[in-house]
Amino acid sequence: MTTESGPKPPRQGARERQFERWLWNSRFLVMLAVLPSLAAAVVLFVIGTIDIIKLVIATLTYYTVGGTVDIHDTLVPSVVMAVDIYLVAIVLLIFGLGVYRLFVSPIEQAEEHTPHHPFNVHSFDQLKDKIARVVVLAVIIEFFRAVVDIRFQTPLDAIYLALSVLALAAALFLMSRAQRKE
């Protein structure tokens, strides 16, 4: 017997249906990755925020009361480290929500946003690409944190720094070109 859509598939046995149901429900195993990554993102957002609050308090104290420690040596590295912490939290957030969306269920609120929203991923490759972009930004931030503390010993050190900055600029340029092609 045939229908409009083609021949009718053979009937499954009860064991086969049960096994396939178990296979389909095994996708919920990804929750073992989703929930901890979201929890870690929350923890990192809290840590970054506390670091910034401490920095604001130290700055206000320095300029109003007159602190004993000069904040100029620690201000920029502390802000850069907080930004780095926030970027890692964003990576965990994108990962957790992306994996949930790909393997468990689409997130209705994400579907209402533009297709280019970071949480709107349609394939595993797209998720990896979005995470890679944020990771590259985190690496660049970490590079700048290290550069702030550099003391040049030789002119060659300055050349190495210039080449490093040039390589980072090239990476950002290539990333922006790749993003425009999407």
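I will try to describe carefully the structure that is included in this document.

Procedures and definitions
The numbers attached to residues start from 1 for each chain and follow its sequence in the written order. With the structure being a predicted model, the display of local features is reserved for residues of pLDDT at least 70 and the display and counting of side-chain atom pairs for 80 or more, all residues being used for whole-chain, interface and lining totals. Only hydrogens and water are removed before side-chain values are computed, so all heavy atoms of the structure are retained for them. The salt bridge criterion pairs a side-chain nitrogen of Lys or Arg with a carboxyl oxygen of Asp or Glu, the two atoms within 4 Å. Labels follow the DSSP assignment, with helices taken as runs of H or I lasting at least four residues and strands as runs of E lasting at least two, numbered in each case from the N terminus. When accessible area is computed with a 1.4 Å probe and restricted to protein chains, residues below 20% of their type maximum are described as buried, those above 50% as exposed, and intermediate ones as partly exposed. What we call a nonpolar core is a set of buried Ala, Val, Leu, Ile, Met, Phe, Trp, Tyr and Cys residues that are connected through their side-chain atoms within 4.5 Å. Only the stretch in contact is used when a helix axis is fitted, and all axes are lines through C-alpha atoms; the angle between N-to-C directions ranges over 0 to 180 degrees. Throughout this description, any angle smaller than 35 degrees is read as roughly parallel, any larger than 145 degrees as roughly antiparallel, any in the 65 to 115 degree range as roughly perpendicular, and the remainder as oblique. Two helices crossing with the near one rotated counterclockwise from the far one by less than a right angle form a left-handed crossing, whereas a clockwise rotation gives a right-handed crossing. Here the nonpolar group is Ala, Val, Leu, Ile, Met, Phe, Trp, Tyr, Cys and Pro; Asp, Glu, Lys and Arg are the charged ones; every other residue, Gly included, is treated as polar. Patch membership requires more than 30% relative accessible area and the absence of a salt bridge. Residues of like charge join within 9 Å; the nonpolar side chains Val, Leu, Ile, Met, Phe, Trp and Tyr join within 5 Å. Note on areas: Shrake-Rupley with a 1.4 Å probe; residue coverage comes only from the protein chains shown.

## Observations concerning the pattern of salt bridges
Enumeration according to the criterion identifies two salt bridges in this entry. In this structure, Asp125 engages Lys128 in a salt bridge whose closest nitrogen and oxygen atoms are separated by 3.4 Å. Of the two residues, Asp125 and Lys128 both sit in helix 5 (residues 124-148), three residues apart, roughly one turn of that helix. Its relative accessible area of 53% is what places Asp125 among the exposed residues. A salt bridge links Asp129 to Arg133; the nearest nitrogen and oxygen atoms lie 2.9 Å apart. Placement of both Asp129 and Arg133 in helix 5 is noted, with a separation of four residues, approximately one turn of the helix.

## A word on the nonpolar core
One finds Val30, Val34, Leu87, Val91, Ile94, Val99, Val104, Val121, Leu127, Ile131, Val134 and Ala138 forming the largest nonpolar core, which totals 12 residues. Counting only elements with at least two residues in this core, the list comes to helix 3 (75-103) and helix 5.

## Considering the packing of helix 2 (residues 31-64) against helix 3
Contact pair helix 2 / helix 3: the axes reach a minimum separation of 8 Å and the direction vectors enclose 160 degrees. Regarding the angle of helix 2 to helix 3, the classification is roughly antiparallel. As helix 2 packs across helix 3, the resulting crossing turns out to be left-handed. Its residues assigned to classes, the contact of helix 2 with helix 3 shows 25 nonpolar, six polar and one charged.

## What to know about a nonpolar patch on the surface
Nonpolar side chains collect at one region of the surface, where Leu156, Ile159, Tyr160, Leu163 and Leu166 lie side by side and expose about 510 Å² of accessible area between them. Residue position: Ile159 is located in helix 6 (residues 155-181).

## Concerning the environment of Ala40
By secondary structure assignment, the location of Ala40 is in helix 2. Sequence separation between Ala40 and Ala89 is 49 residues, and the spatial gap between their C-alpha atoms is 7.2 Å.

By themselves, these figures tell us nothing about what the structure is for.
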